[in-house]
Structure formats: structure tokens, C-alpha cells
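Each chain is listed here by its residues.
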Amino acid sequence: MSQAASPRRWRVSRRGFLIATGIAGGGLALGFRLALPELQLWLSEWAEQTDASTGAPFAITPNDPFAWFEISTDGEVRLFLTKVEMGQGVMTALTQLAAEELRLAPSRIRVQQGPTSRFRSPDFFGTAGSTSVLTMFAPLRQAAATLREMLRAAAAQQLGTTADQVEVADGMAFARAQPSRRLTFGELVREQTNWETPPQPAPLTPPTAWRYIGQPVPRLDLRDKITGRAIYGYDARVPGMLYGAVLHPPSLEGKLRRIVSVERAKQTPGVQQVVVERDFVGVVARTRAAAWQAISQIEAEWEIGKRWDQDEIERIVTVGGPGGVVIQRVGDAPAHLQGEGVIRAEYRTPFAIQTPLEAQAALADARPERVTIWASTQSPFMMQQQVALALRMRPDQVEVVPLLVGGGFGRKSFNPEIAIEAARLSRAVGAPVHVAWTRQEELQLGFLRPPTHHRLSARLEGGRIVAIEHEQASGDVLFAFAPGLAKQLIGNDFGATRGATIRYAIPHRRVVAWRRDLPVRTGPWRGLGLLANTFAVESFMDLLARAANADPLAFRLAHLPDTLWGRRMAAVLRAAADRAGWGRPLPPGHAQGIACSTDVNTVVAQVAEIALEEDERIRVHRITLAMDCGLVVNPDGARAQAEGAVMWGVSSALLEEARVSNGRLAALNLDGYPILSLDRAPAVEVLLLNTTNSAQPYGVGEPPMGPTAAAIANAFLALTGRSLHQMPFTPQRVRERLSG
Amino acid sequence: MELNVNGSLHRVSGDGLLVWALRDELGLTGTKIGCGIGLCGACTVLVDGEAVRACITSVRTVQGKRIRTIEGLAQGDQLHPAQQAFLEHQVPQCGWCMSGQIITLAALLEQRPLPDEPTMLAALSRNLCRCGCYTRIRQAVRSARLLVQQQEARR
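All of these numbers come straight from a predicted model, not from anything done at the bench.

**Remarks on the overall build of chain A**
Helix and strand counts for chain A come out as 21 helices and 28 strands. Buried positions account for 56% of the 740 residues belonging to chain A.

Dropping the structure here:
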């Protein structure tokens, strides 16, 4: 266990805990802080995926508290968290951790995404990077165990016995000698006035006694989601609220030159006010339709900016030239990749868009001294800070209430704009204003997954790879929004290079990354660079296996090091292959491909089974996935994440490509940017392995999408003898490869 | 103007699209909005028992018809078979598309004779899910069909 969760640290009540009695209606509240070593844990593990040399300490020092318990006098246990639910099941998994130590069923804990004011210092990480469960695993259990021991001590006092004679179970405490006299948590809280943290470190429940951790506990948020009661940012409502819309540029580099006339907007029925402030033009109306109608009536002159086209951007995102950063160096790869006999291949991935089906939306109630925002966001604290900056207020004057997120996928990890728009309009009209973007705005004003280019080179000797190089160019992923963090890294956007390093046991390895500045906003997308980098590296592995005349599975296994990681990877490769029937006869016209990846310390292997349809469309029939994500808190939740991640991979591999044309995005709705539908979705089977009996959970939300595109491309290679080098694998690209 | 929604009459302005009348005027935010062009299916509601996309349906055209939204699908605490199946298989992730998925399935389940499974899956292929809950949607369709068949058999 890390230092952060060590009992000694938690024992110090005044530093480690915030204890408050006398909260509304009486009760007990207990917060805890997520100390630095916990965060270093995930950062160092994340850095491991890219380059050990960038794993230097990050200057991120969150203080207390990142979680907050409340027990009301009627016995309700509430847990407030900084993390947000966007479908990944995090609220259920984290509640399971608390439930285990509180000895209370998860369904009896009311877990809530805390409003920002509930926490004394900001959680700027937000909910991202597949890290919520792994970073909270130790401290949340420790806090819950401490709360349990405090309840036990209180019960001992009230029952006239000693703490060691008290049992705590199912929301009640009783003396073993007198089990009929039971005190509920509510009764305990009502009677107790002097709370003390236990003199002894609160013991954690041993894994052998776990009742909730490791169980497929049903999701706590689903009943509301199937009955229409769940409230997302787009659904936020308060009495007397109005609807807003804001004027946006028509092109990527568009700038407002001048407003010609707002008269027609003002005369649109239902319009309350047209707001014009220097660079900001918006309308507030009594209905959403009126707001949208009015904003379309504003006459403005725009400076369109450069009329970028796709080809120009692709030329920018090409490896080579100055500025490349070596992010991995083992041996001397360049010396071994000279002259004859070097195998080379290039790969490209396109712009893609997260397209959460809930577009950006926020409701703001701006008062002179205080602003309240209700929104869908993965980063409530960043939103709070950015709204405060935009309104020239202090962050503590801005309250962000995070509502359910109708799909995040990175798009809502940095989305303060929508809240700022709502807040400015609300301040201008002196009433609460809801702003929701249309699908067109969502696509036009978002940030994209950057295109990437990869050049791979390798040399084989005696059927083994002796040297390999991966040169990679990408638009920014994390650098786009994290300048403070970026400064501490040297040139390497570790989001873009996620999955780019080569961990096979090859004597000479080198990975070089180029950051490319693009005229299009780019940023996080589920898995960041993982899918693109894995597509390149793992597709290339199959080309090398073919050159070595080796079976792709055997070839990979032969190149795994005899390390913990190597053994874990071998286990998932074998498990996926066995279950998929690797090497056994398939239906005519079918073929299989295999690929693997490592991310947030989770290893994943996938076998894709595909066929080619008459119109050269690739049909992915089945994906068999094996994943070692360490200790699994909720196996059904982990499976669901893996199933969804595979669909993301398939969608990306076969369909998704955003194009820039004449200075704007070519497609501004889902008719021009198709995403995967049920009829094209493969069957997915997920095998969860904890091959090393790890006592620690790793990442689950993003890692399982790593291998999908490569596994499909490798199946295509097995089927046709032709390799695929550019995502998505559209019928046109397939035809080109088959005829070329 | 009045709309018959979930068994009772509600006053609405009568302007614009059904999706906004339901969500913004009546506060029935269980009906979602995804694309605004009738493509993703997040806004699907029942109009006289048929699945209709509320984002491309004007309020005037549904006057006098029976509208059912996700909020009106369960009978008290008794979930509709489509809802039961989605819960049993823990289908939703973010949940934004799920009202539309469930309503689309509910419309199919209320047809007689009951459509076969491929027909149901083909219909649900017009409801997009960005979280990629498709493997579980398939399982839920199968379960929901069975549930309805069992209910019929008991009658």
C-alpha cells in the first residue's frame, strides 16, 4: 500500500480529515484528502506507457478533500465525489469501495457528484485517463474504514461497552453480547456530539472477506436512466429560466469583423434581449427555438481566415525534419536500420470527432456576487476556474454543479465555453439562462482527435526483430489545454504518444515523436493516441511476422520479454487466441487477426474475425478480447467498458473520418460523419484475467480500445494478403489495396 | 393547444417541434435530443403506438394523437418489458440514447404479431449509441421478446 493510504497518516485527524458536526439537520460529515503519492502513482504508470524519462514529479498538489461522507440523522449515508458519471460506471465502482468498509450495501449509499463548493480544493484532473478507480482505491476505502471505526467507537459509548465488542453491519451497530439492541447510523449520529478519529489505524477489510468489491453490483444510475428521470446538462431546468444562443464563427479561423444589424434578431417573436459585448454576441429568448431563430437573423461580417484543405493539413502531419523528440531509446536502432534489408511501412489516421450524443449544454444563474452553473462536464473544477476568469470573479464565487454526462469521451474534459456563454447571457439579462448547442455547433466548435502519421522501420535476423524504429507525428492532444503541465515536459505530448513506445524484447528500439501545430483545434479523445499508435505498431508487427514466415501470435509471443509485463501480455494473447479458436478452420471467406496493447498498466489482446462483403465493405463478425486490468472492482462494469471500447475501435477503424474543406469542417452532422450502428456491430466476448493476482486495479475505460483497428487490419492481411495503412478502412481504400 | 401526453392533456404553445414542446414546455426531459435531423433516434417517442422522431415532428401534426414518452412507459413501479430487459442486461452506459432505444423497442413489442428478432434488430439499427452498448442491446431485445411472449402465454 502506498504511503498516502498508510494508517499512520490517516490517524492524524486535524490534518487528514475534516470532521464537522452540525451540518444541515445534524449529522456527521467526513472528508479526506487524496495525498500526492496517490496521484504520482497514476502519473508514473501513465508515463510508463510513453517514456520513463518524462515520469518526473508533476507539480500537482491537491489538498483535501476529494471525497466527502455525510450521515444524516435519519441514517442516510451520502458520499460526495469529484468524479462524474459519464457511463463508465464510476459512481457504482467507487460506491462499492466505500460500501465494503462501511459494511453497508452499495444501494444504501447515496453517491453524488459533488458541486465544486463541497470540496476545499479543486480536482483539476477531472474524470479522465481511466484513473478514477485506481487513484481512489486505497484512500476511499481508508476513509470509509475510518468512518466505520468512528461509528463503532460512538456506538461503544452509547451502548456502555468497548469498541472491540461492537459489530457494525448493514447500517447498524450493536454489542455482540446484546445483539437485540441495535443502533442505526442515524441514531448514532443524533446522539453523538464528540467525534474522534480512532487511536488505532482503521483496519481495512481483507480481500477474503470482501462482499462488494469484485462483485457485479448493478449500476446505481440505471433505473433513472431507463425511466427518463436522469438529469443531464441538457436537461437542467430552474424556474424562470430563459434560453440562449451565441453567434459563432462560420469557419475554423473565422473572426468577427463587425455586426451589421441585430434588428431582425430583436424582432424575432419570443426574443427577450440581444446581447452585444465587443467580441460576444448572443440572444436570450423565451424558447430555445426562438433563440436559435434569432441568432440566425444576426447580420455580421466575418473574416474567414485561411481556407484550409485536407491535403495541406495531412502534409503538416508528416514525420521528419527538426523538432522530433526521442521518447524511447534502447540500444542503437538507427545504426541497425541502414542499407539493404530494412522493412518499412507507413500508416495514417485521420481527424475524428468524439460526438457524444448529448451536445454541450449548461444552465447558468449569474447573480452579482455568485454564479451557479449546472452542466455536463468531465472537469467541473476547470469549468469553475474558467468561468471565474471570464466573468472576472473569484473561483469561490462560482459554483459548478456537475450533472450526468451524456457521453464524454474526452470532449467534455475541457468544455468551459458552454458555461461561459450561459453565464454571460445570464448576467446580461439577470435571469437564469440555458444554452445548448446544436449538433452542428457541437461539431463545428469542438476539438478533434488529431491526425497522425507513422513511419516504421525494422530489420529481421533469423526470424527475429533485431531493430525497430517508430517515427510518429501528431497534432496536439493534451498540450492543447494544459500549458502548465506541458512546460514540465520537453516537447513530447504524452497524450499523443500514448501507446507509441515498443515494449517487445527487441535489442534496438527507437521511438521519435513530432508535435505538429494545426489550424484545427485538436484535443483528447477516448484513449488519446492509443488507438492510432497501436494501429501502426501492431499492424507493422504482422508485416514483420509475414516476412519472417511466422504465425502472428507465435511471433508476438517470441518477442515478449521474460518480465512481469511480458508474462501478463503473453497470458492475454493466449487467452484471446484460445477463446477465438486461433489457428482453427473458419467459415469460408473469414479470417482472423490479432493485436495487443498496454495502457494505464492494463494489458489487452484482441482477435478480430472479419469477412469482406460484396461491396468491399469489411464486416467485423466478432472480437474476442482478453484484458488483465489487475484487480477488478466490478466485473460487469469492466466488461461493459471493454465492449464499448471495442465498438469505438470498430467505428474508428471502418467509418470515422472528419475532413477539412475550404476552411471549415466538411461534415456538420451525423449524416456526413457516420458512426457505428447496431447492424454493423460485431459480437464481442470479453475475458477478464488478473494474471498476477494484483491487489491493485488498473485502467479500464480506455485501454481495451487499443488493439481493435490493428486486429481488423491484420485480419484483412490474413484474408487478402494485402495490408491496410490508412484509417478508416473504407470500401474505396479496400478496393485500392486489392487492385494496387 | 393541447397535447395528449402519457394519458393526460397538457397545454403547449403549439409552435415548433415536438421534442422542445415535451422537453422545454412540459419538462419531460426523458426524451433526448441528439442530431436534430431524425437520424440518431435519441428523441424517439410513441405517437399512437408508432415510434416517431420528435426532433423532426412538428407539434401541430400530433395534436389529438396519443403521445407516450419514456416517462409514461412504466405502469407505476411496473417497468415495461423493454425497460426490464434493458435493466436486466445493464445496457445503458451514459444513457443519453437509451430513452430512444427503449421506446423503439417498446413500439416493436406492442405490434401483433410480434416481429421476429432480425426485424427488431434492423429497426434498432436506426438508433445510434455512442457508448457502443450494442452487444447488450442485442441481448435485451432477445430478453424483451421472450418476456412479452411469456406474458402473452399467461393470458
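**So, the overall build of chain B**
Check the secondary structure of chain B and you find five helices and five strands. In chain B, the succession of α and β elements from N to C terminus is β-β-α-β-β-β-α-α-α-α. Taking 15 Å as the expected radius of gyration for a compact globule of 155 residues, we find that chain B reaches 15 Å, a close match to that expectation. Expressed along its principal axes, the backbone C-alpha trace of chain B runs to roughly 40 × 35 × 25 Å. The proportion of buried residues among the 155 residues of chain B is 56%. Long-range pairs, those at least 24 residues apart, make up 61% of the contacts in chain B with a sequence separation of at least 6.

**Comments concerning the domain arrangement of chain A**
All names here are of chain A. In terms of domain boundaries, chain A breaks down into domain 1 (3-227), domain 2 (233-304 + 360-436) and domain 3 (317-352 + 447-739). With 14 residues of domain 1 at the contact, the number on the domain 2 side is 15 residues. Class assignment of the residues belonging to the side of domain 1 that touches domain 2 gives a composition of six nonpolar, six polar and two charged.

**Thoughts on the domain arrangement of chain B**
Residues and elements named next belong to chain B. Segmentation of chain B into domains returns domain 1 (2-72) and domain 2 (81-154). Taken together, the contacts link 15 residues of domain 1 with 13 residues of domain 2. Broken down by element, the side of domain 1 that touches domain 2 gets its largest block of residues, three residues, from strand S3 (residues 44-47). Split by residue class, the side of domain 1 that touches domain 2 holds seven nonpolar, six polar and two charged.

**Here's the deal with helix H2 (residues 81-88) of chain B**
Burial of H2 of chain B is extensive: six of the eight residues sit out of reach of the surface. Listing the buried residues of H2 of chain B in full gives Pro 81, Ala 82, Gln 83, Ala 85, Phe 86 and Leu 87 of chain B. Buried residues along H2 of chain B sit in contact with helix H7 (222-227) of chain A together with helix H3 (98-109) and helix H5 (134-154) of chain B. Among the residues trailing H2 of chain B, Gln 90 of chain B stands out with phi positive, at a value near 50°.

**What about the packing of helix H12 (residues 380-390) of chain A against helix H13 (residues 416-429) of chain A?**
Residues and elements named next belong to chain A. For the pair H12 and H13, interaxial distance at closest approach is 9 Å and the crossing angle is 45°. Viewed along their axes, H12 and H13 adopt a mutual orientation that is oblique. Classified by chirality, the crossing of H13 by H12 is right-handed. For the pair H12 and H13, the contacting residues are Met 382, Met 383, Gln 386, Val 387 and Ala 390 in the first and Pro 416, Ala 419, Ile 420 and Ala 423 in the second.

**Concerning the interface of chain B and chain A**
By a widespread convention, an interface's size corresponds to the accessible area lost as its parts come together. Tallying the contact residues gives 44 residues for chain B and 47 residues for chain A. Where the side of chain B that touches chain A is concerned, the elements lending two or more residues are helix H1 (18-25), H2, H3, helix H4 (117-124) and H5 of chain B. The residue inventory of the side of chain B that touches chain A, partitioned by class, reads 25 nonpolar, 15 polar and four charged.

**Comments concerning the nonpolar core**
Side chains of a nonpolar character, in soluble globular proteins, are inclined to be buried together. Ile 373 and Ile 712 of chain A are the most contacted members of the largest nonpolar core, which totals 272 residues. Take this core: its biggest share by element is 15 residues, from helix H5 (residues 132-159) of chain A.

**A closer look at the environment of Arg 66 of chain B**
Residues and elements named next belong to chain B. Here Arg 66 is to be found in strand S5 (residues 66-68). In this structure Arg 66 comes out as partly exposed when scored by C-beta crowding, with 15 C-beta atoms within 10 Å. As a C-alpha pair, Arg 66 and Val 12 span 54 residues in sequence and 15 Å in three-dimensional space. Excluding residues that lie within four positions of it along the chain, Arg 66 makes contacts with Asn 4 and Asp 48.

**Brief notes about the sheet that holds strand S7 (residues 172-175) of chain A**
Residues and elements named next belong to chain A. One open sheet holds the three strands; their spatial order is S6-S7-S8, and the pairing between them is antiparallel. Pairing within the sheet leaves two strands with one partner each, and these edge strands are strand S6 (166-169) and strand S8 (178-184). When the angles between neighbouring strand axes are averaged without regard to direction, this sheet yields 30°. Contacting S6, S7 and S8, H5 crosses the sheet at an angle of about 130° to S6.

**Some thoughts on the pairing of strand S2 (residues 8-11) of chain B**
Residues and elements named next belong to chain B. As paired elements, strand S1 (residues 2-5) and S2 share four bridges and run antiparallel to each other. For Asn 4, the partnering residue across the bridge sits in S2 and is Leu 9. Here S1 folds back onto S2 in antiparallel fashion, the turn holding two residues, of which Asn 6 has a positive phi close to 50°.

**Digging into the environment of Gln 272 of chain A**
Residue and element names in this part refer to chain A. Assignment of secondary structure puts Gln 272 in strand S11 (residues 271-277). Between the C-alpha atoms of Gln 272 and Val 433, which are 161 residues apart in sequence, the distance is 11 Å. With residues near it in sequence (within four places) discarded, Gln 272 still touches Leu 242, Val 284, Ala 285, Arg 286 and Val 429.

**What to know about the confidence of the model for chain A**
Residue and element names in this part refer to chain A. Confidence in the prediction for chain A averages 89 pLDDT; 89% of positions are at 70 or higher. For the stretch residues 1-18, pLDDT sits under 50, and the model shows 39 contacts to residues farther than four places along the chain or on other chains. A low-confidence stretch, residues 21-25 stays under pLDDT 50, and its non-local contacts, those more than four residues away or across chains, total seven contacts.

**Looking at the confidence of the model for chain B**
Residues with a pLDDT of 70 or more make up 100% of chain B, whose mean pLDDT is 97. Across the whole predicted complex the pTM is 0.93, and at the interface the ipTM reaches 0.98.

**Re the sheet that holds strand S28 (residues 683-688) of chain A**
Residues and elements named next belong to chain A. As summarised here, the arrangement of the four strands in space is S23-S24-S25-S28, forming an open sheet in which the pairing is mixed. In this open sheet, the two edge strands, each paired with only one partner strand, are strand S23 (590-599) and S28. Each strand axis lies, on average, 15° off the axis of its neighbour in the sheet, ignoring direction. By the bridge criterion, 10 bridges tie S23 to strand S24 (residues 602-612) in an arrangement that is antiparallel. Note on S24: the bridge partner recorded for Thr 598 is Val 603. Its contacts with the sheet place helix H19 (residues 635-654) against strand S25 (618-628) and S28, and it is angled at close to 135° to S28. Contacting S23, S24 and S25, helix H20 (residues 708-720) crosses the sheet at an angle of about 150° to S23.

**Side note on H13 of chain A**
Residues and elements named next belong to chain A. Taking 1.5 Å per residue as the helical rise, H13 with its 14 residues ought to reach 20 Å, and the 20 Å between its terminal C-alpha atoms agrees with that figure. Most of H13 sits out of view: 12 of its 14 residues are buried. Restricting attention to buried positions, one finds in H13 the residues Pro 416, Glu 417, Ile 418, Ala 419, Ile 420, Glu 421, Ala 422, Ala 423, Arg 424, Leu 425, Ser 426 and Arg 427. Just past H13, the residue Gly 430 takes up positive phi, approximately 70°.

**Quick look at unusual backbone geometry**
Look at the link from Met 727 of chain A to Pro 728 of chain A: it is a cis peptide, with omega at -10°. Among the structural elements, Pro 728 of chain A can be located in the loop between H20 and helix H21 (731-739). Omega for the bond connecting Arg 112 of chain B with Pro 113 of chain B falls within 30 degrees of zero, at -5°, which places this linkage in the cis form. Position of Pro 113 of chain B relative to the elements: it lies in the loop between H3 and H4. Phi at Asn 693 of chain A is positive, roughly 50°, even though this residue is not glycine.

Definitions and limits used
Within each chain, residues carry numbers counting from 1 in the order of the written sequence. To read the labels, note that chains go from A and ligands from 1, taken in the order they are written. Residue-level local features of this predicted model are given only where pLDDT is at least 70; pairs of side-chain atoms are given and counted only at 80 or more, and the full residue set underlies all totals for whole chains, interfaces and linings. Elements are defined by DSSP. Helices are runs of H or I of four residues or more, strands are runs of E of two residues or more, and each kind is numbered from the N terminus. Remark: C-beta atoms are placed from the backbone, and a residue is labelled buried if 20 or more other C-beta atoms sit within 10 Å of its own, exposed if 12 or fewer do, or partly exposed between those counts. We compute the radius of gyration from the C-alpha atoms alone; for a globule the expected value is 2.2 Å times N to the 0.38, where N is the number of residues. We call two residues in contact when the distance between their C-beta atoms, placed using the backbone, is within 7 Å. Each domain span listed reflects an automatic or database assignment of domains. Three categories are distinguished: nonpolar for Ala, Val, Leu, Ile, Met, Phe, Trp, Tyr, Cys and Pro, charged for Asp, Glu, Lys and Arg, and polar for the others, with Gly belonging to the last. Angles here are taken between N-to-C directions and fall from 0 to 180 degrees, while the axes themselves are lines fitted to C-alpha atoms, restricted in helices to the stretch in contact. The scheme is simple: roughly parallel for angles under 35 degrees, roughly antiparallel for over 145, roughly perpendicular for 65 to 115, oblique for anything else. When the near helix sits turned anticlockwise from the far one by under a right angle, the crossing is termed left-handed; a clockwise turn instead gives a right-handed crossing. Nonpolar core, as used here: buried Ala, Val, Leu, Ile, Met, Phe, Trp, Tyr and Cys residues forming one set through C-beta atoms within 7 Å. Note: two strands are recorded as paired if DSSP finds a minimum of 2 bridges between them. For every residue, the predictor states its confidence as a pLDDT score lying anywhere from 0 to 100. A helix is expected to span 1.5 Å multiplied by its residue count minus one.

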